[in-house]
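Take a look at the letters that make up each chain.
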Amino acid sequence: MEPSTYKITIEGTVQGVGFRPFVYTLAKRFGLTGSVCNGTQGVEIELNATPEMLERFLQALQEELPPLASIDAIHTVECEALHFDDFQIVTTNQEGERTVRIPPDVSICAECEKELFDPANRRYGYPFITCTHCGVRYSIIYDLPYDRKNTSMKFFKMCKTCEAEYTDPLDRRYHAQPIGCWECGPTLSLRDKSEKLIVKSEELIDVASQLLLKGKIVAVKGVGGYHLMCDATNEAAVLKLRERKQRPAKPFAVMVRDVAMARELAEICEQEEALLLSKERPVVLLKSKKSYTGLSSQVAPNISRIGLFLPYTPLHLLLFEILKRPLVATSANITDEPICTNIEDLEKLQGVYDYVLEHDRRIVNGCDDSVVMAVEGQEVILRRARGYAPASIKLPFSLPKQTLAMGANQKSTVAIGFDNQVILSPHIGDLGSIGSVVYYEKNIETLKRVYGFEPETIVYDKHPNYESTKVAKHLIAHRSALNALAVQHHYAHILGVMAEKQIEGKVFGVAFDGTGYGDDGRLWGGEFMVCDYDGYERVAHIDYFKLIGGEKAIKEPRRVALSLLFERFGEAALDLNIPTIQAFSKPQLRTLYIAWQKGLNAPLSSSVGRLFDAVASLLGICHVMSFEGESGMLLEEQYDASVTGYYPFGYQEGKIDILPTVAAILGEEDVTVAVSKFFNTLVEIIATVYAPYDLPLVLSGGVFQNRVLLELLFKRFSNAMVPTTIPPNDGGIALGQAVASHFVE
Ligand code: ZN
Ligand code: ZN
Ligand code: FE
């Protein structure tokens, strides 16, 4: 049979991942002629083949993909017959619609790791060894297309040997943008607080390792920012880091050399091992082993979970080759500020670190470590950043307008939406400082620049005081033609999951979280909503209680507990002999009672996150939090699966009365029983409200980061859906907002 000419367009993550050489090798193997090039929609192939050959070629193409590539769609059309002498990679320099994706930063591959430790290799011990299948991408890119001149590698001129690899289609480093070597690539240096130290480059890792072994705190420049590192087995060093960083209790992530070391520290199931070893190399939250006593108790005080991750750069591997012990590796930032990405920013932390292990490859786009956990076989992502970001999420329908979604205020992310896809930024962080808002705006600019994107619609949260809302209003004020849309926070939570799972039709959404602005101006957070893409009906909610002191109540569980006590017992609560009352002075109690009674700075809320706080205080577990989510973590510690039964609660006319639960908790002798029954009560509340609905069950909101609650819900409802591509916390809001933009025609 005579061959015909086919034009094949492949969409997906197919640029900057070694796709063209892969196609080239494949075509040669099949003895086919034609060409392959990068186009605006992905990779374009012209091929002379018979229909059978074409089919076999496309099958092999999909089965043998390079490690970092993924295919969304393949379009094949037969075109006018063309003649080719052989198969060629055609280099193009097209500009056009930029729908091509930025590949994320991934960990060093096995082949590069082997070369790193091979004394015969010319890159032996080179801390920036990389190839087409691994290394930095997003963090070094200024602009698309992903080409060396559009990355911070443009400041390094390739040597002859590197260039030969770079231009050879059959080399593993063909068009590997970040390649370099001892001769031509980025270099390391070591500084103390003020200046560069004079150390020979081949001795740098050794010297830095010795400093860590001596208990020093070393800021280490990584992929998307700096880590503060210290020896995790050295109590004094970890304590020093806590004191200097003014971070009394929030657990630190720990980098371990390999899975074997991880197994010494934590219990790890198959799925968790796969997550640790995945090319994204996230921090994986694991159950720590009580039997292991080598780790400093200061790493995660009072918490039996530990966040572990494996080395993901050659530099990390070189450090571990000498250190052979776990390292605390926490993002270098000032509390509430974004991760430091350059030495000028880092200098604000001079009081925290002793030394800096620095390199001269610029970080263009900051990106934190990602955080994930496995619950009942499901993967839940808590922070979506390095390795995963930016991600493209396909929608079940097309958006009418180019959309910019502003996200929320905590754990913020932003998203842009066009056609039937949404690109979600990495985790940006809390917008609690000027620095973080600047960084947030920079992330918006990056997405706009890289994707050549101008928003027609801006979607933001209904909360008038969110920084993201203020930035949105500012953008709208300066661009008259722009459409604006405010979306309710919890509806956005549920919409995000619907989009991620491509659900069509109605769902029963449960949004449990900290606080979000409600349609009635109250602070919602215990919401039951029947939702579809056109709107929602709030069918039930936790009955309102007062947050005495507003913002203060968010940090002080005792204030929420006190409010519920006043609600239940009135003034008589002041005479109760319980931990919450004892956590205040007599005059304080008086003042707070008056504030509660008169509703002075005491906004109404239905937040389940705050209920967790209240229970933690009622049981004397936590009265004032030193970090967000602390009360929930401490409650998890007390949970005992063997405790059955739940506490009474009321449910009438869409309002869930939690006061009977509060009273019952006070009557409980045993803290473990009380905590366990409280978890069971939340499950029972969901079961009760959900019972009459024959709809898919969707759970979202920050409270669903709680492992115990999730486990119980997965056991109770096999159909329960939680977000997996986006976090259940406010990091997923931007996707829901982008989806809602279809309201604007
Ligand atoms: Zn590699
Ligand atoms: Zn070189
Ligand atoms: Fe939320």
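Residues numbered from 1 in each chain as written. Chains lettered and ligands numbered in written order. Predicted model: local features only at pLDDT ≥ 70, side-chain atom pairs only at ≥ 80, totals over all residues. Heavy atoms only, no water.

**Q** Give me the coordination of the zinc ion (ligand 1): which residues, what numbers.
**A** All of the protein donors around the zinc ion (ligand 1) are Cys109 (SG), Cys112 (SG), Cys131 (SG) and Cys134 (SG); their distances to the metal are 2.3 to 2.4 Å. What the four donor atoms of the zinc ion (ligand 1) show is an angle range of 103 to 119° at the metal, which sorts the shape as tetrahedral. Read in sequence order, the donor residues for the zinc ion (ligand 1) give the motif C-x2-C-x18-C-x2-C. Taken as a pair, Cys109 in the loop between strand S5 (87-89) and helix H3 (110-116) and Cys134 in the loop between H3 and helix H4 (160-166) lie far apart in primary sequence, 25 residues in all. As far as the burial class goes, Cys109 and Cys134 line up, both buried. (Donors = N, O, S within 2.8 Å, 3.2 Å for Na, K, Ca; no water. Tetrahedral: all angles 85-135°; square planar, octahedral: opposite > 155°, others 65-115°. Helix = DSSP H or I, 4+ residues; strand = E, 2+ residues; numbered from the N terminus. Buried < 20%, exposed > 50% of the residue type's maximum accessible area, 1.4 Å probe, protein only.)

**Q** An account of the environment of Ile733 is needed here, citing residue identities and associated values.
**A** Mapping Ile733 onto the fold places it in helix H23 (residues 733-740). The buried category is assigned to Ile733, whose relative accessible area is 0%. For the pair formed by Ile733 and Asp85, sequence separation is 648 residues and the distance between their alpha carbons is 53 Å. For Ile733, the residues in contact, after removing those within four places along its chain, are Gly407, Ala408, His489, Ala492 and His493. (Contact = heavy atoms within 4.5 Å.)

**Q** Can you break down the sheet that holds strand S19 (residues 415-418) residue by residue, with the values?
**A** The strand order across the open sheet formed by six strands is S17-S20-S19-S18-S21-S22, and the pairing between neighbours is mixed. Of all strands in the sheet, those bounded by a partner on one side alone are strand S17 (391-394) and strand S22 (483-487). Strand after strand, the sheet turns through a mean of 20° between neighbouring axes, direction not considered. Of the strand pairs in this sheet, strand S21 (residues 457-461) and S22 are connected by five bridges, and their pairing is parallel. By the bridge assignment, Val459 is partnered in S22 with Leu485. Running at roughly 100° to S22, helix H13 (residues 489-500) makes contact with S17, S21 and S22 of the sheet. (Pairing = 2+ DSSP bridges. Axes fitted to C-alpha atoms, helices over the stretch in contact; angles between N-to-C directions.)

**Q** Explain the packing of aromatic side chains to me, and be specific about the residues and the numbers.
**A** For the structure shown, the criterion picks out 23 aromatic pairs. Pairing Phe397 with Tyr533 gives two aromatic rings, centres 5.0 Å apart and planes at 75°, and the pair type is edge-to-face. Separated by 136 residues along the polypeptide, Phe397 in the loop between S17 and strand S18 (403-405) and Tyr533 in the loop between strand S24 (523-532) and strand S25 (535-542) bring together distant segments of the chain. The interplanar angle of 45° and the centroid separation of 5.4 Å between the aromatic rings of Phe566 and Trp596 together place this pair among those described as tilted. A residue pair is termed long-range when its members are at least 10 positions apart, and Phe566 in helix H15 (residues 557-569) and Trp596 in helix H17 (residues 586-598) qualify at 30 residues. By relative accessible area, which is 1% here, Phe566 ends up buried. Through a chain of ring-to-ring contacts, the aromatic side chains of Phe508, Phe512, Phe528, Tyr690, Tyr693, Phe704 and Phe717 assemble into a single cluster. The ring of Trp524 carries Arg538 above its face, with NZ or CZ at 3.6 Å from the centroid. Across the ring face of Trp596, the terminal group of Lys546 is positioned such that the distance to the ring centre comes to 4.9 Å. (Phe/Tyr/Trp six-rings, centres within 6.5 Å; stacked < 30°, edge-to-face > 60°. Lys NZ or Arg CZ within 6 Å of the ring centre and 35° of its normal.)

**Q** I'd like a description of the coordination of the iron ion (ligand 3), backed by residues and values.
**A** At the metal site, the iron ion (ligand 3) is ligated by His489 (NE2), His493 (NE2), Asp513 (OD) and Asp730 (OD), and these contacts range over 1.9 to 2.3 Å. Taken together, the four donor atoms coordinating the iron ion (ligand 3) and their angles of 88 to 157° define a geometry best described as irregular. Each donor residue of the iron ion (ligand 3) lies on the same chain, and together they follow the pattern H-x3-H-x19-D-x216-D. Residue His493 is found in helix H13, and its partner Asp730 is found in the loop between helix H22 (707-716) and H23; the two are separated by 237 residues along the sequence.

**Q** Which residues make up the nonpolar core, and what values go with them?
**A** Tyr451 and Phe528 are the most contacted members of the largest nonpolar core, which totals 148 residues. Take this core: its biggest share by element is 11 residues, from helix H21 (residues 671-690). Leu228, Ala262, Tyr353 and Val356 belong to the second-largest nonpolar core, a separate cluster that totals 40 residues. (Core = buried A, V, L, I, M, F, W, Y, C linked by side-chain atoms within 4.5 Å.)

**Q** Explain the side chain of Glu44 residue by residue, including any values.
**A** Along the chain, Glu44 falls in strand S3 (residues 43-49). Buried and unpaired, Glu44 has Lys7 as its nearest opposite-charge partner, separated by 4.1 Å. When residues no more than four places from it in sequence are discounted, the contact partners of Glu44 are Lys7, Ile8, Thr9, Ser35, Val36, Cys37 and Gly39. (Lys, Arg positive; Asp, Glu negative; His and termini not counted. Salt bridge = Lys/Arg side-chain N within 4 Å of Asp/Glu carboxyl O.)

**Q** If you had to explain the domain arrangement of the protein to someone new, which residues and values would you point to?
**A** Split into domains, the protein comes out as domain 1 (4-89), domain 2 (107-387), domain 3 (390-501 + 727-743) and domain 4 (542-716). The straight-line distance from the C-alpha centre of domain 2 to that of domain 4 is 39 Å. Summing the contributions of domain 2 and of domain 4, the shared interface buries around 1300 Å²; its carbon and sulfur component is 64%. The three residues of domain 2 that bury the most area against domain 4 are Ile303, Val375 and Glu376, which together make up 33% of that side's buried surface. In this structure, the connection of domain 2 to domain 4 is made through one salt bridge. Where domain 2 touches domain 4, the interface holds three residue pairs in polar contact (both at pLDDT 80 or more). Broken down by secondary-structure element, the contributors of at least two residues to the side of domain 2 that touches domain 4 are strand S15 (371-375) and strand S16 (378-383). The class makeup of the residues in the side of domain 2 that touches domain 4 is 10 nonpolar, three polar and four charged. (Domains from an automatic or database assignment. Buried area = accessible area lost by both parts, 1.4 Å probe. Polar contact = N/O pair within 3.5 Å; in protein donor to acceptor, adjacent residues only side chain to side chain. Nonpolar A, V, L, I, M, F, W, Y, C, P; charged D, E, K, R; others polar.)

**Q** How would you summarise the pattern of salt bridges if you had to cite specific residues and measurements?
**A** Taken as a whole and judged by the stated rule, the model has 33 salt bridges. Among the ionic pairs, Asp147 bridges to Lys149, the shortest N-O distance being 3.6 Å. A relative accessible area of 23% means that Asp147 is categorised as partly exposed. As a salt-bridge pair, Arg383 and Asp368 come within 3.8 Å of each other at their nearest N and O atoms. Here Arg383, found in strand S16, pairs with Asp368, found in the loop between strand S14 (355-359) and S15; they are 15 residues apart in sequence, far enough to count as distant. Relative accessible area serves as the criterion here: at 24%, Arg383 is assigned to the partly exposed category.

**Q** Please provide a residue-by-residue account of the sheet that holds strand S2 (residues 33-38), values included.
**A** The five strands are arranged S4-S1-S3-S2-S5 in an open sheet whose pairing can be described as mixed. Of all strands in the sheet, those bounded by a partner on one side alone are strand S4 (70-79) and S5. Recorded for the sheet is a direction-independent mean angle of 15° between the axes of neighbouring strands. With six bridges joining them, S2 and S3 adopt antiparallel strand pairing. Counted as the bridge partner of Gly34 is Leu47 from S3. Running at roughly 175° to S5, helix H1 (residues 19-30) makes contact with strand S1 (4-13), S2, S3, S4 and S5 of the sheet. Across the sheet, helix H2 (residues 51-63) touches S1, S3 and S4, and the angle it forms with S4 is around 165°.

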